[in-house]
Amino acid sequence: MSDSQSQGFLDTVNQNFDAAASFLDYPPGLLEQIKVCNSVYKFRFPVRREGGGYEVIEAWRAEHSHHKLPVKGGIRYSPDVNEDEVLALAALMTFKCAIVDVPFGGAKGGIKIDPRKISVEQLERITRRYTAELTKKNFIGPGIDVPAPDYGTGPREMSWIADTYAQFHPGEIDAIGCVTGKPLSQGGIRGRKEATGRGVFFGVREALADTELLKQVGLSAGLAGKRVVVQGLGNVGSHAARFIQEGGAVIVGLSEWEGAIANPKGLDVAAVMKHRAATGKITGFPGAIDIPSEDALFLDCDVLVPAALENVIRGANAARVKAKIVAEAANGPIAADGDAVLRQKGICVIPDMYLNAGGVTVSYFEWLKNLSHVRFGRMEKRFEEMSAARMVKSIESATGKPLSDNERKLLIHGAEEEDLVNSGLEETMSVAWHQIRDAQRKHPKTDLRTAAFISAIDKIAVSYLELGIFP
Ligand code: NAD
């Protein structure tokens, strides 16, 4: 992304904030404090090139709001990352955490590298050095600032970060909580990898159950049979596409940077992923037609899920979008001028800071697990199962009718960590959806994005007011 495009991204976030703020009545200065970024650490460090010589790497960590600690947000590896993009993403994190009632402030990090062009060894060196720099400046720690994966990073990088942090803090019992999105063996939590995509699925399902909203866009209720297009098959997009398909929708288009594929009869997401793993691309998938990457955004469908990067729908191309609902799985996929065009066309946008909050929600669960040093479900699972078994036995002897093995298994099953994580996520996405809809009903002239900002700003304002910082 060019500097001017990401400048647009920060402007977009600020414009969206201002639009929501115009509906609110708070003391002077409070809204400004909620809007601005509290601190940004920009730094450079040298790494030895594998072919010889040195390269200077540019990196950032922005802590947008310290109204709650720790602050939290992903780390992005991309050759296009820049300060304004990191600032925009950090701000979105603050509002996202507030929307889903995760008690963190927002943050974001970035390293200007192309991970696809760097060896694993070099990536590890850069990641460890980045962590050391954050440690020196107190920009990381389980009670200070807790990074997570984002575009271009995953569990492997989080594992390197946790290990480097622990080396600088020997004996710190909560050190493992300095980062989330770790592999399971390194203090990660079951369900984190899929969490953002699963949250996208829950959010889309909520929208498709909202009869009042569906009447406005002219869609029937339910996910079954809805035609869906997904752009970007990385962590978020691939899982979102799979869950949405399992929920009964028909995936009619999938897009990656190398090209896109379409089939009105439906694409099997798992088979497409397998095809990509084998051939290196999604194009050439049996039964589908190949189209240019961007054209997937303009396919005839009910729900479009941009899950790649920001600013893909802009003033210049938004008029071509045919979907009735655009579900922002990526951060900032719709630029402000694109948003205006979609609004004019009556297209409903499910905003990013709600829809992709599944990742931070389950990161919060991972952090809680790390601080409590015990796996969710470990203490109660066996007890729950024994109580349920006793109840089943009493019902069987009272009715004289034994249950089938399957029925008994279902009733007796005690909650595993993943069951608890997924149900906590489902509850979070459902409650947040209804809070946003309530804010929208209170301010009828708002769209879902403005309502989501209002819901977030209200919650943050209350925490400043109750601290007594603003009169
Ligand atoms: P990722 O790197 O795993 O996947 C992104 C995918 O998009 C890649 O497969 C990439 O090839 C593809 N892509 C890039 N440009 C494209 C283009 N022009 N057309 C089609 N595909 C393209 O990243 P991710 O973690 O899935 O993140 C995707 C988005 O979701 C980002 O905006 C990120 O900030 C946001 N997000 C991620 C998480 C998370 O938990 N990973 C949480 C919240 C938000």
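Our subject is the structure listed above.
Residues numbered from 1 in each chain as written. Predicted model: local features only at pLDDT ≥ 70, side-chain atom pairs only at ≥ 80, totals over all residues. Heavy atoms only, no water.

S.K.: Just give me the short version of the site of the ligand, but keep the residues and values in it.
M.R.: If you check the shell around the ligand, you find 22 residues, and the closest are Arg76, Asp150, Thr196, Glu256 and Asn331. Measuring from an oxygen atom of the ligand, one finds a side-chain N or O atom of Thr196 at 2.7 Å. Side-chain polar atom of Ser293 to a nitrogen atom of the ligand: 3.4 Å apart, as the coordinates give it. With the chains in place, 86% of the 830 Å² that the ligand exposes on its own is no longer accessible. Counting residues per element, the ones that place at least two in the shell around the ligand are helix 6 (192–207), helix 8 (235–246) and strand 7 (250–256). A per-class count over the shell around the ligand returns eight nonpolar, ten polar and four charged. (Near = heavy atom within 4 Å. Polar contact = N/O pair within 3.5 Å; in protein donor to acceptor, adjacent residues only side chain to side chain. Areas by Shrake-Rupley, 256 points an atom, 1.4 Å probe, with all protein chains shown as cover. Helix = DSSP H or I, 4+ residues; strand = E, 2+ residues; numbered from the N terminus. Nonpolar A, V, L, I, M, F, W, Y, C, P; charged D, E, K, R; others polar.)

S.K.: Tell me about the side chain of Ser78, and name the residues and values.
M.R.: Residue placement: Ser78 occurs in the loop between strand 3 (71–77) and helix 3 (83–99). A residue is classified by how much of its surface remains accessible, and Ser78, at 7% relative accessible area, is buried. In contact with Ser78, not counting residues within four places along its chain, are Ile111, Lys112, Ile113 and Tyr151. (Buried < 20%, exposed > 50% of the residue type's maximum accessible area, 1.4 Å probe, protein only. Contact = heavy atoms within 4.5 Å.)

S.K.: So, the packing of helix 13 (residues 381–399) against helix 14 (residues 405–412): which residues are in play, and what are the values?
M.R.: Packing of helix 13 against helix 14 leaves a shortest axis separation of 8 Å and a crossing angle of 135 degrees. Classed by the angle they form, the pair helix 13 and helix 14 counts as oblique. The residues of helix 14 that touch helix 13, namely those facing Glu385, Ala388, Ala389, Val392 and Glu396, are Arg408, Leu411 and Ile412. Considered class by class, the residues forming the contact of helix 13 with helix 14 number five nonpolar, no polar and three charged. (Axes fitted to C-alpha atoms, helices over the stretch in contact; angles between N-to-C directions. Parallel < 35°, antiparallel > 145°, perpendicular 65-115°, else oblique.)

S.K.: Go over the environment of Val421 with me, naming the residues and quoting the values.
M.R.: Note on placement: Val421 falls in helix 15 (residues 417–442). Using a relative accessible area of 2% as the deciding quantity, one classes Val421 as buried. Once the C-alpha coordinates of Val421 and Gly284 are considered, the two residues, 137 residues apart in sequence, prove to be 37 Å apart. Once residues within four sequence positions are removed from consideration, Val421 is found in contact with Ile189, Arg190, Val362 and Phe365.

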